[in-house]
Amino acid sequence: MQIPATPENITGLVLAGGRGQRMGGVDKGLALLDGRPLVEHVLDRLQPQVGQLMISANRNPEHYARYAHPVVGDRLEGFAGPLAGLEAGLATCATPYLASAPCDSPFLPPDLVARLADALTVGRASIAVARTGDQLHPVFSLIRCYALPDLQAFTRAGGRRMESWLQRLKWVACPFDDVPDAFANINTPDELRAHQAGAPTR
């Protein structure tokens, strides 16, 4: 019998393991928006939607540990991108499903995981990813944890692009055309300043 994709069966993973190159090399998850770290905004949005949380981070683990959620580092060397964070999260995950969101998107929808879960279930897919218009947002995803061995094989063979990994699986896109601003991400100091001054509707 298939385990339902309900909150208690889902672990949320906040991806905060990047280099932050476009942010001047700072740890983007710790950059302040309205006086609070970006990662804190994302945790607050994601926590009510899942049963438990983890943070993927490769720098400043002591800072992320203050949020009292497990902190997992990449198992691949060299800041290998979001797939490395997903792989580490899946390998640590104790629930049948893993929901991911990046640390630089503090306006994510309050029903993100529920809508991804519906799409995953209806599509009988291994992974559901968010989409607005023609744009896919693959780091906003809900994954069945049995996909881990395939992801490990893909990354060990040198694969790093999530869009390429998707093609190996049965996946579905979940439309969020009604809330496109919810997927606004903050990559640069200028974008951070712009959102401080007037953020999209939250």
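It should be noted that the structure appears before, not after, this text.
Report follows, based on the coordinates. Within every chain, residues take consecutive numbers counted from 1 along the sequence as written. Residues qualify for local features only when their pLDDT is at least 70, as the model is predicted, and side-chain atom pairs are given and counted only at 80 or more; totals for whole chains, interfaces and linings, by contrast, use all residues. Heavy atoms from the whole structure form the basis of all side-chain values; hydrogens and water molecules are not counted.

**Here's the deal with the pattern of salt bridges**
Oppositely charged side chains may form a pair once their charged atoms are brought near each other. The working definition used for a salt bridge is a side-chain nitrogen of Lys or Arg within 4 Å of a carboxyl oxygen of Asp or Glu. Considering all chains together, one arrives at nine salt bridges under this definition. Between E163 and R161 there is a salt bridge; the shortest N-O distance is 3.6 Å. Looking at E163, the relative accessible area reads 32%, which means it is partly exposed. Look at R161 and you get exposed, because its relative accessible area is 51%. Through salt bridges with shared partners, one network takes in R36, E40 and D44. Relative accessibility thresholds used throughout: buried, under 20% of the residue-type maximum; exposed, over 50%; partly exposed, between the two (1.4 Å probe, protein chains only).

**Concerning the sheet that holds strand β8 (residues 135–144)**
Only strands that DSSP links by at least two bridges are regarded as paired with each other. By definition, any uninterrupted DSSP run of H or I lasting at least four residues is a helix, any uninterrupted run of E lasting at least two residues is a strand, and each is numbered from the N terminus. Here seven strands make up an open sheet; going across it, the order is β5-β4-β1-β6-β8-β7-β9 and the pairing mixed. The two strands at the open ends of the sheet, each matched to only one other strand, are β5 (71–72) and β9 (171–175). We call two residues contacting when some pair of their heavy atoms lies within 4.5 Å. As a rule, the C-alpha atoms of each element are fitted with a line to give its axis, helices using only the stretch in contact, and angles between N-to-C directions run from 0 to 180 degrees. Each of β1 (10–16), β4 (52–57), β5, β6 (97–102) and β8 touches helix α3 (residues 82–92); the most contacted strand, β1, lies at about 150° to it. Its contacts with the sheet place helix α4 (residues 112–123) against β1, β6, β7 (127–132), β8 and β9, and it is angled at close to 75° to β8.

**So, the packing of aromatic side chains**
Two rings from Phe, Tyr or Trp (for Trp, the six-membered ring) form a pair when their centres are within 6.5 Å of each other. A pair whose planes differ by under 30 degrees is stacked, one over 60 is edge-to-face, and the rest are tilted. Evaluated as defined, the whole model comprises two aromatic pairs. Their ring planes at 85° and their centres at 4.8 Å tell us that F140 and F183 sit as a pair that is edge-to-face. Of this pair, F140 sits in strand β8 while F183 sits in the loop between β9 and α7 (189–197), and the two are 43 residues apart along the sequence. A residue is classified by how much of its surface remains accessible, and F140, at 2% relative accessible area, is buried. Ring centres 5.2 Å apart and planes at 65° place the aromatic pair F176 and F183 in the edge-to-face group. Each residue in the set F140, F176 and F183 is aromatic and connected to the rest through ring pairs, giving one cluster.

**Digging into unusual backbone geometry**
A negative phi holds for most residues other than glycine; trans holds for most peptide bonds. Despite not being glycine, D34 shows a phi value in the positive range, around 55°. The residue D34 is located in the loop between β2 (32–33) and β3 (36–37) in this model. Classification of D34 as partly exposed rests on a relative accessible area of 39%. Unusually for a residue other than glycine, A68 sits at a positive phi of about 65°. By the secondary structure assignment, A68 is in the loop between α2 (61–65) and β5. Residue classification places A68 among the exposed residues on the basis of a relative accessible area of 68%.

**So, the side chain of R144**
Within the secondary structure, R144 is located in strand β8. At 11 Å, D118 is the nearest oppositely charged side chain to R144, a buried residue that forms no salt bridge. Here a polar contact is recorded for every N or O atom pair within 3.5 Å, except that within protein the pair must consist of a potential hydrogen donor and a potential acceptor, and residues adjacent in sequence are included only if both atoms are side-chain atoms. A distance of 3.1 Å separates polar atoms of two side chains, one belonging to R144 and the other to Y97. Positive residues here are Lys and Arg, negative ones are Asp and Glu, while His and the chain termini are left out of the count.

**Topic: the nonpolar core**
Counting residues in hydrophobic clusters, the biggest one holds 34 residues, and the most contacted among them are I10 and L142. Looking at this core, the elements with two or more residues in it are β1, α1 (38–46), β4, β6, α4, β7, β8 and β9. With six residues, the top contributor of residues to this core is α4. In this structure L142 touches A5, I10, Y97, L98, A99, V113, L116, A117, L120, S126, I127 and A128, once residues within four positions along its chain are discounted. Remark: nonpolar core denotes a set of buried residues (Ala, Val, Leu, Ile, Met, Phe, Trp, Tyr, Cys) joined through side-chain atoms within 4.5 Å. Judged by nonpolar contacts, the second largest core, of 22 residues, contains M54, L83, I143 and F154.

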